[in-house]
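# Structure assessment
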Amino acid sequence: MVRIRIFEARVSAVAEAKLVDGYLHTYAGQEAVACGIIPLLREDDWFTSTYRNHGHAIARDIPLDAIAGEIYGKATGVCGGKGGSMHVADQTRGMIGGMGIVAGGLPIATGAALASRYLGRDSVAVAFFGDGAVHQGAWHEALDFAGLFQCPVIFVCENNLYAETTAVDYHLLAGSVAAMTAPYGIPSVQVDGMDVFSVREAGEEAIARARGGEGPSLIEAMTYRYGGQYEGDTQTYKPPKEVAWWRDRDPLLRFRASVAGRVDSTVLDTIERTVAEEVAAAFDAAERAPWPDLTQVTADVYTPTA
Amino acid sequence: MTRRLNIKDAINEALRQEMAADDRVILMGEDIAGGAGRDDTYPEAADAWGGPFGVTKGLLPRFGRNRVMDTAIAETGFVGAAIGAAIAGLRPVVEIMYVDFIGTSFDQLLNHAAKLRYVYGGKVSVPLVVRTVAGAGFRAAAEHSQTLYSLYTHVPGLKVVAPSTAADAKGLLIAAIRDPDPVIFIEHKRLYMYDEPVPEEPYTIPFGVARIVRSGSDVTIVGVQKMVHTALDAAKVLASEGIEAEVIDPRTYSPLDEQTILSSVEKTGRLVVVDESHPRCSLATDIAALVAESAFDALRGPIRMVTGAHAPVPFSPPLEDAYVPDAARVVAAVRSGLETTGS
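Notes on the structure in this doc start here. (Residues numbered from 1 in each chain as written. Chains lettered and ligands numbered in written order. Predicted model: local features only at pLDDT ≥ 70, side-chain atom pairs only at ≥ 80, totals over all residues. Heavy atoms only, no water.)

### Notes on the overall build of chain A
A count of helical and extended segments in chain A gives 11 helices and eight strands. Here chain A has a C-alpha radius of gyration of 19 Å; the compact-globule value for 306 residues is 19 Å, and the two agree. Here chain A holds 306 residues, and the buried ones make up 56% of them. Counting only contacts in chain A whose residues sit at least 6 apart along the sequence, the fraction spanning at least 24 positions is 74%. A total of about 12,600 Å² of accessible surface is found on chain A, and carbon and sulfur atoms cover 56% of it. (Helix = DSSP H or I, 4+ residues; strand = E, 2+ residues; numbered from the N terminus. Rg over C-alpha atoms; globule rule 2.2 N^0.38 Å. Buried < 20%, exposed > 50% of the residue type's maximum accessible area, 1.4 Å probe, protein only. Contact = heavy atoms within 4.5 Å. Areas by Shrake-Rupley, 256 points an atom, 1.4 Å probe, with all protein chains shown as cover.)

Here it is in structure tokens:
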């Protein structure tokens, strides 16, 4: 969580300093969701992410150099700079990747889960998505498919209260995302997405169910996006008292409070310092890294054949 | 007429004037109000956002939530609803945030909006406008940077409009709102800040009438939306070498003003089409084929196309810059066309 928080602070800083171009969607505030779920995954599990994907990549231990390099569009990026911030991916670590289209990842994660079942494996797939995604046809069609074919997929909603800039109280007719799975016969739970332990507990249960052949489930983690829809968004649509309420429930502070007395706070301070150095080194490396060769414009469109 | 407006504000003004004049005109889209009016204790949010580029800013306080509707992220739903509303007597102007999101709404547009008049024997009209944003050069990566003009142009029943200047944007959008058929109105994100004198009163520019942006006798350069400006930059370079290029902005791709393009090529004998989109099955190939078929005898050299690559738009800044055609590539295409000609 600390690594994500510090990394994203640096993303915001380099965006503001105009050292990096493009649409940058930061994950600060939502750390407990990625860190509650992703460490539970095995090497042979899969997950899909959204355009707000840095936190998922970091939680999956994708090297920070490779993530920062991708955000800069450098040759050292995990996708060679071609995808940029919205498309961080590392299939060798099960991260199918970030997708720029809302709800685009749900059917794909469902398909990865289908493959696992078909191949007789007990690996699972997770689809991360935001509260705005539940209106897309792709969301409903993925749940319907997963339910019909009992795919071992876990749908994880990061309900950060905003579909881009439109508040959840305007757009979520069902009151909760968890309430929307009943017609598909998919069990669901709503958890405190600012508390990493609550998220983890729900994740363990859902993953065990999927691995055990009991089919899909959905976790709705109630969380909060500290940044805008993207970096540079003025966020005038967010009432200040709402921001303050959620800041009081900050997942990092919550974690510190919940381990107080059991973990020496100097240990946690040391972790923060080490991570800050690690993040700084990754951004420095990205800054210095070479641009991709221009021939890369047309490379990778099709798979090379012998 | 000294007042200048940029394209973004010209579009806003067109929407405002048409909404004031005709209460059947309503707006729908994701974040077009963006939290506005949500919290009375927080007045700063009264006109919060107006979409990612602020194009619809200020319309909610003026016209209210009944006419400026923030939708969920559900393009099939709200585009389809707009089609129904149009049939039932309204004049909806829908915003699809990026043209790249075409896939999530395309069934409603392709199979319904475009075809209903035809399949119902001319008994129904769909007076719908879909505003959407296209274009590379924004470091917005593969799913937010495409220029999919040709996908819409390919579909009979849709009208496709893509202004390159502020005055055209206003006149063409008002014409689109008053048009009885579904119109796809494509805005280029790199052109929003382009400004020029724009008349204050409402006016329309008819579809299917190209604009000759620059007259010339040696080569015809047809530019597709933002590439009109790239073509003009190239024409200036060419003029310094004694080559006079005629630059044409078709403005509407469906209907397409074929006659202006053909007449120009008949005069100049040469054609270069500049389109930042992918080269295959594109406006560039369409216009090249039109000229090859109908003005072949006038051609004194090969038709040239200057386009993006047959590849998704890359994120990495130098790769994206290499992807989008620039004036140097247009100049090179004109020169190579001249070199391979006869008299």
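### Observations regarding the packing of aromatic side chains
As enumerated under the stated definition, the model contains 19 aromatic pairs over all chains in all. When the centroid spacing of 5.2 Å and the interplanar angle of 40 degrees are considered together, the rings of phenylalanine 53 of chain B and tyrosine 192 of chain B count as tilted. Here tyrosine 192 of chain B lies in the loop between strand 7 (183–188) and strand 8 (195–197) and phenylalanine 53 of chain B lies in the loop between strand 2 (25–29) and helix 2 (59–63), a separation of 139 residues in the sequence. In this structure, phenylalanine 53 of chain B and tyrosine 192 of chain B share a single accessibility class: buried. Site record: aromatic cluster; members linked through ring pairs are Tyr23 and Tyr230 of chain A together with Phe53, Tyr98, Phe101, Phe138 and Tyr192 of chain B. A cation over a ring is seen here: arginine 65 of chain B above tyrosine 170 of chain A, with NZ or CZ 4.4 Å from the ring centre. (Phe/Tyr/Trp six-rings, centres within 6.5 Å; stacked < 30°, edge-to-face > 60°. Lys NZ or Arg CZ within 6 Å of the ring centre and 35° of its normal.)

### Describing the environment of glycine 121 of chain B
Tracing the backbone shows glycine 121 of chain B in the loop between helix 5 (116–119) and strand 5 (129–134). Separated by 150 residues in sequence, glycine 121 of chain B and leucine 271 of chain B place their C-alpha atoms 39 Å apart.

### Some thoughts on helix 3 (residues 75–87) of chain B
Residue and element names in this part refer to chain B. Over its 13 residues, helix 3 extends 18 Å from the first C-alpha to the last, a length consistent with the 18 Å expected when each residue adds 1.5 Å. For helix 3, the set of buried residues is Glu75, Phe78, Val79, Gly80, Ala82, Ile83, Ala85 and Ala86. Contacts from the buried residues of helix 3 go to strand 2, strand 4 (91–96), helix 4 (102–113) and helix 5. Just downstream of helix 3 lies glycine 89, where phi reads positive at about 120 degrees. (Expected span 1.5 Å × (residues − 1).)

### Quick word on the side chain of serine 316 of chain B
Looking at where serine 316 of chain B falls in the secondary structure, it is placed in the loop between strand 14 (304–307) and helix 11 (317–323). The contacts of serine 316 of chain B, once residues within four sequence positions are left out, are Gly73, Gly81, Trp291 and Pro292 of chain A.

### A few points about the sheet that holds strand 11 (residues 245–249) of chain B
All names here are of chain B. As summarised here, the arrangement of the five strands in space is 9-11-10-13-14, forming an open sheet in which the pairing is mixed. At either margin of the open sheet sits one strand with a lone partner, and together these are strand 9 (211–214) and strand 14. Taking each pair of neighbouring strands and ignoring which way they run, the sheet shows an average axis angle of 25 degrees. Sheet topology places strand 10 (residues 219–223) next to strand 11; four bridges connect them, and they run parallel. Bridging across to strand 11, isoleucine 221 finds its partner in valine 247. (Pairing = 2+ DSSP bridges. Axes fitted to C-alpha atoms, helices over the stretch in contact; angles between N-to-C directions.)

### Things to note about helix 1 (residues 7–21) of chain B
Residues and elements named next belong to chain B. Helix length check: helix 1, at 15 residues, gives a terminal C-alpha distance of 21 Å against a target of 21 Å (1.5 Å per residue), a fit within 8%. Burial of helix 1 is extensive: 11 of the 15 residues sit out of reach of the surface. If you check the start of helix 1, you find a side-chain oxygen 3.2 Å away from the backbone N of lysine 8, and it comes from asparagine 6. (Polar contact = N/O pair within 3.5 Å; in protein donor to acceptor, adjacent residues only side chain to side chain.)

### Some remarks on unusual backbone geometry
In this structure, the amide linkage connecting serine 254 of chain B to the following residue, proline 255 of chain B, adopts the cis form with an omega of 0 degrees. Here proline 255 of chain B shows up in the loop between strand 12 (252–254) and helix 9 (258–268). In this model, lysine 18 of chain A sits at a positive phi of 60 degrees, which is unusual for a non-glycine residue. Of note, lysine 18 of chain A is situated in the loop between helix 1 (2–16) and helix 2 (31–37). The phi dihedral of aspartate 61 of chain A falls on the positive side, at around 65 degrees, and the residue is not glycine. Here aspartate 61 of chain A lies in the loop between helix 3 (54–59) and helix 4 (64–72).

### Observations concerning the packing of helix 3 of chain B against helix 4 of chain B
For any two helices packed against each other, the geometry comes down to the angle between their axes and how far apart the axes lie. Residues and elements named next belong to chain B. Direction vectors running N to C along helix 3 and helix 4 enclose 25 degrees, while the axes themselves pass 7 Å from each other. With respect to helix 4, the axis of helix 3 lies roughly parallel. With respect to the hand of their crossing, helix 3 and helix 4 are arranged in right-handed fashion. Contacts from Glu75, Thr76, Val79, Gly80 and Ile83 of helix 3 reach helix 4 at Thr104, Ser105, Gln108, Leu109, His112 and Ala113. (Parallel < 35°, antiparallel > 145°, perpendicular 65-115°, else oblique. Left-handed = near helix turned anticlockwise from the far one by under 90°.)

### Concerning the side chain of glutamate 242 of chain A
All names here are of chain A. Within the secondary structure layout, glutamate 242 lies in helix 9 (residues 240–247). At 2.7 Å, the side chain of glutamate 242 forms a polar contact with the side chain of tyrosine 162. Here the side chain of glutamate 242 touches tyrosine 224 through a polar contact of 2.6 Å, side chain to side chain.

### Quick word on the nonpolar core
Counting 119 residues, the largest nonpolar core has Phe129, Trp139 and Phe155 of chain A together with Leu109, Leu128 and Tyr152 of chain B as the members making the most contacts within it. Considering each element in turn, this core owes the most residues, nine residues, to helix 7 (residues 166–178) of chain B. Each residue touching tyrosine 152 of chain B, except ones within four places of it in the same chain, is listed here: Val99, Ile102, Phe106, Leu109, Leu158, Val160, Ile184 and Ile186 of chain B. Core analysis: the next-biggest nonpolar cluster, separate from the first, contains 51 residues, Ala32, Ile38, Ala206 and Val275 of chain A among them. (Core = buried A, V, L, I, M, F, W, Y, C linked by side-chain atoms within 4.5 Å.)

### Observations regarding the packing of helix 5 (residues 105–118) of chain A against helix 6 (residues 137–149) of chain A
All names here are of chain A. Contact geometry of helix 5 with helix 6 gives a least axis separation of 8 Å together with a crossing angle of 15 degrees. Judged by the inter-axis angle, helix 5 sits roughly parallel to helix 6. By crossing handedness, the relation of helix 5 to helix 6 is classed as left-handed. Between helix 5 and helix 6, the residues in contact are Leu106, Pro107, Thr110, Leu114 and Arg117 and Ala138, Trp139, Ala142, Leu143, Phe145, Ala146 and Phe149, respectively. Taken together, the residues of the contact of helix 5 with helix 6 break down into 10 nonpolar, one polar and one charged. (Nonpolar A, V, L, I, M, F, W, Y, C, P; charged D, E, K, R; others polar.)

Any functional reading would require information beyond the geometric quantities listed.
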